[in-house]
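# Descriptive analysis of the structure
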Amino acid sequence: MNEILILIYGNPIAQIIRENEFLFPWVEALHVLAITLVIGSIALVDLRLIGIRGINRPISNISKELLPVTWIAFLIAAFTGAILFTSNALSYSQNFYFISKIALLALAGINMMCFQFIIGRNLESWNHYQQLPASARIAGAISLTLWISIIVCGRWIGFTLEPVLVAL
Ligand code: HEM
């Protein structure tokens with residue numbers, strides 16, 4: 001695993017990001033921008049699922065409108081995150097908050113898949129309900145908790161990163 005991380009750390013893009021004082025902040029700014037769209041769009045769907053916001057609007061309309069935004073923003077967040085990761089691969093791979101964030105991202109993905117293909121597969125049938133079934137409200141609450149935790153872990157990475165010296 002260490003060999004792979006050293007290969008990632010040594011690749012030309014990672015070196016350019018590391019050595020250029022402007023690129024890392026710009027890529028991280030794009031990462032944060034994409035994250036705000038991911039979290040913003042998911043939070044609007046989750047708050048509707050829980051029954052806190054938008055209860056007069058059909059859930060399938062809200063979901064159809066926002067899901068494309070979520071997926072496009074997620075791909076940009078994952079791409080920019082991966083570029084940031086390459087610049088300091090060994091340090092990030094040993095950082096508790098980075099590891100936790102990736103684990104929480106996987107859980108959030110599983111929760112989304114469960115909702116998409118099991119709990120919410122007949123979303124239209126809920127359009128006339130103001131209060132949605134308990135399974136939908138629970139899925140919304142789990143999603144919101146996971147994404148807030150991902151943000152907190154993401155933010156703590158920068159405060160807790162330990163340098164790892166690598167001889168290339
Ligand atoms: C939608 C999913 C994601 C969310 C919500 C997220 C969230 C965050 C947050 C809140 C930060 C702190 C930004 C700041 O305040 O400066 C951050 C930084 C970072 N993220 Fe993500 N992230 C996501 C996906 C990823 C992925 C997939 C990777 C890597 C494969 C990644 C790698 C990083 C790295 C390396 C940093 C920089 C930490 C630092 O040195 O400051 N992120 N992320």
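Structure shown above.
Because the structure is predicted, anything quoted here is derived from the model rather than measured.

### Description of the packing of aromatic side chains
Two aromatic rings are characterised by how far apart their centres lie and by the angle between their planes. This model, assessed by the stated rule, comprises seven aromatic pairs. In this structure, Arg18 is placed above the aromatic ring of Tyr9, and the distance from its NZ or CZ to the ring centre is 3.6 Å.

### Quick word on the layout of surface pockets
Its volume calculated, the largest pocket comes out at about 670 Å³. Along the wall of the largest pocket there are 28 residues; nearest its centre are His31, Ile35, Lys101, Gly154 and Ile157. For the lining of the largest pocket, the elements supplying multiple residues, two or more each, are helix H3 (23-50), helix H4 (59-87), helix H6 (96-119) and helix H7 (134-160). Considering every element that reaches the lining of the largest pocket, the biggest residue donor is H3, with eight residues. In terms of residue class, the lining of the largest pocket is made up of 20 nonpolar, five polar and three charged. Quantified by volume, the second largest pocket comes out at close to 330 Å³. Elements with a contribution of two residues or more to the lining of the second largest pocket: H3, H4, H6 and H7.

### Quick notes on the site of the ligand
Near the ligand, the surroundings consist of 23 residues, among which Glu28, His31, Tyr92, Lys101 and Arg155 are the closest. Cavity membership is defined here by more than half of the atoms lying within 2 Å of grid points; on that basis the ligand lies in the largest pocket. Counting only elements with at least two residues in the shell around the ligand, the list comes to H3, H4, H6 and H7. Looking at side-chain class alone, the shell around the ligand contains 16 nonpolar, four polar and three charged residues.

### Describing the environment of Ala136
Tracing the chain through its elements places Ala136 in helix H7. A residue is classified by how much of its surface remains accessible, and Ala136, at 0% relative accessible area, is buried. Between the alpha carbons of Ala136 and Trp126 there is a distance of 10.0 Å; along the sequence they are 10 residues apart. Those residues in contact with Ala136 that sit more than four places away from it in its chain are Leu49, Phe115, Ile119 and Trp126.

### Digging into the nonpolar core
Residues Val45, Leu49, Ile59, Ile62, Leu66, Phe115, Leu123, Trp126, Leu132, Ala136 and Ala139 constitute the largest nonpolar core, which totals 11 residues. Contacts of Leu49, omitting those with residues within four sequence positions, involve Ile59, Phe115, Leu132, Ala136, Arg137 and Gly140.

### Brief notes about the pattern of salt bridges
This structure, assessed with the given rule, holds two salt bridges. The salt bridge involving Glu65 is made with Arg57; its shortest N-O contact spans 2.9 Å. Given a relative accessible area of 48%, Glu65 falls into the partly exposed group. Look at Arg57 and you get partly exposed, because its relative accessible area is 36%.

### Some points on H7
With 27 residues, H7 ought to run about 39 Å at 1.5 Å a step, and its terminal C-alpha atoms sit 38 Å apart, in line with that. For H7, every residue scored as buried is listed here: Ala136, Ala139, Gly140, Ser143, Leu146, Trp147, Ile150, Cys153 and Ile157.

### Quick notes on the side chain of Ser63
Within the fold, Ser63 resides in helix H4. Its relative accessible area of 12% is what places Ser63 among the buried residues. Beyond its immediate stretch of four places on either side in the chain, Ser63 contacts Val45, Pro68 and Leu123.

### Brief notes about the packing of helix H1 (residues 2-10) against H4
Running from N to C, H1 and H4 point in directions that differ by 100 degrees, and their axes come no closer than 7 Å. The pairing of H1 with H4 is recorded here as roughly perpendicular in orientation. Facing Leu5, Ile8 and Tyr9 of H1, the residues of H4 in contact are Phe85, Thr86 and Ser87. Class assignment of the residues belonging to the contact of H1 with H4 gives a composition of four nonpolar, two polar and no charged.

What counts as what
- Residues numbered from 1 in each chain as written.
- Predicted model: local features only at pLDDT ≥ 70, side-chain atom pairs only at ≥ 80, totals over all residues.
- Heavy atoms only, no water.
- Phe/Tyr/Trp six-rings, centres within 6.5 Å; stacked < 30°, edge-to-face > 60°.
- Lys NZ or Arg CZ within 6 Å of the ring centre and 35° of its normal.
- 1 Å grid on protein atoms, 1.4 Å probe; cavity = no way out; pocket = protein on both sides within 12 Å on 5 of 7 lines; lining within 4 Å.
- Points joined across faces, edges and corners; volume = space filled by probe spheres on them.
- Helix = DSSP H or I, 4+ residues; strand = E, 2+ residues; numbered from the N terminus.
- Nonpolar A, V, L, I, M, F, W, Y, C, P; charged D, E, K, R; others polar.
- Near = heavy atom within 4 Å.
- Sits in = over half its atoms within 2 Å of the grid points.
- Buried < 20%, exposed > 50% of the residue type's maximum accessible area, 1.4 Å probe, protein only.
- Contact = heavy atoms within 4.5 Å.
- Core = buried A, V, L, I, M, F, W, Y, C linked by side-chain atoms within 4.5 Å.
- Salt bridge = Lys/Arg side-chain N within 4 Å of Asp/Glu carboxyl O.
- Expected span 1.5 Å × (residues − 1).
- Axes fitted to C-alpha atoms, helices over the stretch in contact; angles between N-to-C directions.
- Parallel < 35°, antiparallel > 145°, perpendicular 65-115°, else oblique.

What is shown is where atoms sit, not what they do.
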